[in-house]
Amino acid sequence: MREAFIYKKLWQYFKPYKWLIVLALVMSVISSGTDIGLVSVIKPLMDKVFIGQDKNLLKIIPFILVGLYFLKSALRFALNYTLRYMAQKVIQCLRDRLYNKIIYLPLRFFSDNSTGILMSRITNDVNMMQSAITTVVSVVRDILSVLGLIGYVFYINPKMAAMSLLVYPIFIHPLIIISRRIRKYSKKGQEQMGWLTSALQETFSGIRVVKAFVQEKKEIDRFGKVNNQVVRSMLKAGMASEVTSPMMEFVGSIGLSFIVFYGGFQVINGQSTTGAFFSFLAALVMVYEPIKRLSNANGVIQQALAASERVFEILDVGNEILDHDGTLDCDARNKNVEFRRVTFRYDKKGEDILKNINLTVLPGATVAFVGHSGAGKSTAINLVSRFYDVTDGELLVGGVNIKQYKVHSLRKNIGYVSQEPFLFNDTVYNNIAYSDEYHTEEEIMTVCKAAYAHEFITRLPEGYQTVIGERGVRLSGGQKQRLTIARALLKNPPILILDEATSSLDSESEREVQKALDNLMMGRTSFVIAHRLTTIINADLIVVMENGEINATGKHETLIAGNETYNKLYSMQAEQRQTI
Ligand code: ADP
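S.K.: Quick question: what am I supposed to make of the domain arrangement of the chain here?
M.R.: How big an interface is tends to be stated in terms of the accessible area lost upon association of its parts. Here the chain is partitioned into domain 1 (2-314) and domain 2 (421-492). The distance between the C-alpha centroids of domain 1 and domain 2 comes to 52 Å.

S.K.: In this structure, what is going on with a positive patch on the surface? I would like to understand it.
M.R.: A surface patch of like charges, here positive, comprises Arg 181, Lys 184, Lys 188, Arg 232 and Lys 236. Elements with a minimum of two residues in the positive patch: α7 (172-205) and α9 (216-268). Broken down by element, the residue count for the positive patch peaks at three residues, all from α7. Relative to the helices and strands, Lys 188 resides in helix α7. By relative accessible area, which is 38% here, Lys 188 ends up partly exposed.

S.K.: Help me understand the site of the ligand, please; the structure alone is not making it clear to me.
M.R.: Lining the immediate surroundings of the ligand are Ser 111, Tyr 346, Ile 353, His 372, Ser 373, Gly 374, Ala 375, Gly 376, Lys 377, Ser 378, Thr 379 and Tyr 388. Gly 376 is positioned with one of its backbone polar atoms (N or O) 2.9 Å from an oxygen atom of the ligand. Relative to its unbound accessible surface of 560 Å², the ligand loses 61% to contact with the protein. In terms of residue count, helix α11 (residues 377-384) provides more of the shell around the ligand than any other element does, three residues in total.

S.K.: Where do I start with the side chain of Ser 279 in this structure?
M.R.: As for its position among the elements, Ser 279 is in helix α10 (residues 274-315). With a relative accessible area of 0%, Ser 279 lands in the buried category. For Ser 279, the contacting residues outside a window of four places in its chain are Val 39, Ser 40, Ile 42, Lys 43, Tyr 152 and Ile 156.

About the cut-offs
- Residue indices begin from 1 for each chain and proceed along its sequence in written order.
- Totals for whole chains, interfaces and linings use every residue, but because this is a predicted model, local features are given only for residues with pLDDT of at least 70 and side-chain atom pairs only at 80 or more, for both listing and counting.
- With hydrogens and water set aside, each side-chain value is computed from the structure's full complement of heavy atoms.
- Each domain's extent is set by a domain assignment, obtained either automatically or from a database.
- What makes a patch is a set of residues exposed beyond 30% relative accessible area and free of salt bridges, joined within 9 Å when like-charged and within 5 Å when nonpolar (Val, Leu, Ile, Met, Phe, Trp, Tyr).
- Here the open area of atoms and residues is found with the Shrake-Rupley method and a 1.4 Å probe, where only the protein chains shown may cover a residue.
- We count a salt bridge whenever a side-chain nitrogen from Lys or Arg sits within 4 Å of a carboxyl oxygen from Asp or Glu.
- Asp and Glu count as negative and Lys and Arg as positive, but His and the ends of the chain are not part of the count.
- Note that the charge is assigned to NZ on lysines, CZ on arginines, CG on aspartates and CD on glutamates.
- Runs of E in the DSSP output that reach at least two residues are strands. Runs of H or I that reach at least four are helices, and both are numbered from the N terminus.
- Throughout, exposure labels follow a simple rule: accessible area from a 1.4 Å probe, protein chains only, divided by the maximum for the residue type, with under 20% read as buried, over 50% as exposed, and the rest as partly exposed.
- Near, as used in this document, describes a residue that has one of its heavy atoms within 4 Å of the molecule or strand being considered.
- Counted as a polar contact is a pair of N or O atoms within 3.5 Å, where, for protein atoms, one must be capable of donating a hydrogen and the other of accepting one, and residues adjacent in sequence contribute only when both atoms are in side chains.
- The contact definition used throughout considers only heavy atoms, calling two residues in contact when any of these lie within 4.5 Å.

Pasting the structure below:
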């Protein structure tokens, strides 16, 4: 059942190449025909040339042999190349679709699945499928050869053929069991391979922490354990896969011994000719190669089926946000943003992370969310971009539930500056002009000036064309911040989300970043997870969050006078400030 489902899914990817498949099949038929041609030459060679001393036939046979081998080789090349071409194209399409699918998936998916595992899906699993595709069609060729050669032996000596092949069916059942084992263990192995990639990714991106805590040994142990599990599963799959071929070989030898004995008797008794005997024997020996390949192919195909299952699992994941996309275009300029009885939980069965949040934010206002870590500040802000959907209640922009807007249109209205500024490995220019709208150079310079970034950019080796990021020039934390601020300024969104850095920059950088932020926030509705005292004090509205609820709202002066939680938070913040 499951297999039929996977085959059906796979077929969608092969469908565009159906004519190539037909061509490959035709080539396979002719190619396996050459095998039969080759073994059937043996009979006249033995009976007429060697025993009957026919010299004319001797002169022709070498030409026939060369001709047949030429045809066989040419077809093999054409067939293999066709298969490779098709495999590469199908895999390209699969990889593209996976990437396309994953990039649009909601944030929830990324917090549930580690990056390493997703990477493993696109690389390891897809590669495994690729090796199977070439195998599958060569399987067709091999099956045809086997059928042709078996047909031939039945034609020459039906009784002997039937008896010598009788041993094979006994092994069909064990073969099925072996297939299941291969699939089970390789699926496990591939899953563990995903953990391995994920462990690698984690260690390398957190390498500073690992080194600072001198935890290299612990990480080596952790990696070693996963590595060991991968190897164990792979070896189990390998054992199942490798046992097939010798098993078939042994079975083949039983059949072969029988033929030598029984066929020999027939030749001695004059019931059969020497030529027929050797021709029969050659066909059976030749049938062994494709059978061996077929039993090996089984392993590859089973592994690929397991890989396909995982790939299709991702392709079939529902998109809770985009599957419920709205129809309206959003323009949030001069519109209120309102949380109306908003309740939210990450996990359907989990606890409420936000409880009955009611909040109206006027256009252009700055709202500072303050509260202890884990209070639900980021969660509340993430809902505005529809990174997650509210569980209960409504979030409205301009009085319209945001679910009614097209998600991408809504997000175009929202700018985002995070505490860990993310820049792509590209030029300064391209990093700022990241959105898909066209911007002139002048516009870009204007926003960079407003973000206090122009000056340092012009001092970079190639100015705006300097490549930054991992493979380029290194920038300081404050410089990166200002670039992301410039990027947000260029997007010019009516709503802004700001996740302020907890660890302060040095005061000089901070001043510059603060000035840049002031420019950015001007005239926009800003939601800020506030750590900077200036942001908090100057905010139009401060929302004090506690355990997923709004504890109080108001301006600094009111809250400092009458709210205990706020007082504590404020003095904590002020203390931190002094120690820096
Ligand atoms: P804050 O921003 O105030 O520090 P968060 O909104 O990040 O708080 O977190 C609020 C609560 O939600 C915490 O208890 C946290 O463990 C939980 N949480 C945050 N993100 C996720 C997630 N992706 N999946 C499940 N729980 C989460």
